[in-house]
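# Architecture and fold: a report
Residues per chain are reported as follows:
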Amino acid sequence: MIEHEGTIDNINGNHYTIRITQSTACSECHAKHACIAADTKVKMVEVLDTSGQFKMNERVVLSGKTSIGYKAVLWAFVLPLLLLMGVVFMSISIWDVGELTAALISLAALVPYYGLLYIMRHKMGDKLAFTIKKLN
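None of the values given here were measured: they were computed from a predicted structure.

### Regarding the environment of Thr40
Note on placement: Thr40 falls in strand S3 (residues 40-48). Here the alpha-carbon distance between Thr40 and Thr21, two residues 19 residues apart in the chain, equals 6.8 Å.

### Remarks on the pairing of strand S4 (residues 59-64)
Among the six residues that make up S4, five are buried, leaving the element largely enclosed by the rest of the structure. In terms of strand pairing, strand S1 (residues 2-12) meets S4 through six bridges, oriented antiparallel. Residue pairing in the sheet places Gly6 in a bridge with Val60 of S4.

### What to know about the packing of aromatic side chains
Throughout the structure, instances matching the rule amount to two aromatic pairs. Measuring from centroid to centroid gives 5.9 Å for Tyr16 and Phe54, while their planes differ by 85 degrees, and the two rings are edge-to-face. On the criterion of sequence distance, the pair formed by Tyr16 in strand S2 (residues 15-23) and Phe54 in the loop between S3 and S4 is long-range, its members being 38 residues apart. Here Tyr16 and Phe54 have matching classes, each one buried. Measuring from centroid to centroid gives 5.3 Å for Tyr113 and Tyr114, while their planes differ by 75 degrees, and the two rings are edge-to-face.

### With respect to the pattern of salt bridges
Throughout the structure, instances matching the rule amount to four salt bridges. Across the pair Arg19 and Asp9 runs a salt bridge, and its minimum N-O distance is 3.2 Å. You can see Arg19 sitting in strand S2 and its partner Asp9 sitting in strand S1, a full ten residues away along the chain. On the basis of relative accessibility, which here comes to 29%, the residue Asp9 falls in the partly exposed class.

Rules used throughout
- Within each chain, residues carry numbers counting from 1 in the order of the written sequence.
- For a predicted model such as this one, the threshold for reporting local features is a pLDDT of at least 70, and the threshold for listing and counting side-chain atom pairs is 80 or more; totals across whole chains, interfaces and linings nevertheless cover every residue.
- To get the side-chain values, take all heavy atoms of the structure and skip hydrogens and water.
- Strands are runs of DSSP state E lasting at least two residues, helices are runs of H or I lasting at least four, and both sets are numbered from the N terminus onward.
- Think of it in three bands: residues with accessible area under 20% of the maximum for their type are buried, residues over 50% are exposed, and the middle band is partly exposed, with areas taken using a 1.4 Å probe on protein chains only.
- Any two strands with at least two DSSP-identified bridges between them are counted as paired.
- Only rings of Phe, Tyr and Trp enter the pairing, Trp through its six-membered ring, and a pair is recorded when the two centres are within 6.5 Å. The plane angle decides the type: under 30 degrees is stacked, over 60 is edge-to-face, the rest tilted.
- Here, a salt bridge means any side-chain nitrogen of Lys or Arg that lies within 4 Å of a carboxyl oxygen of Asp or Glu.

Don't take any of this as a statement about function, it's just geometry.
So, in structure tokens, the structure goes:
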């Protein structure tokens, strides 16, 4: 189970924007200002919740199944890599083009793939959704 603590930053109907602050282990160190290893990132996550039990600036726990991360990695990295390699091998072996041309064709093949992901983002967002619950 993936869980992160966050704060409700915005509420728009049933759509909640949760602000998550991710920090490295040493970000709480007293010497973090002198160290380049300390790093903090703020991420905003959109969540749909119909319960209506949350309010602005409330601390919540954002949770999701571990499979969400695996699916995201599959769609964002693994499938494009397989597409890229498949197009390169097909270009060289079937279409008998040079390596540079094959590389450019494979890069061009990624444009419609990522375009399709962009078009399908709302449908995929339903499958890759997080839930929120009150912080205990």
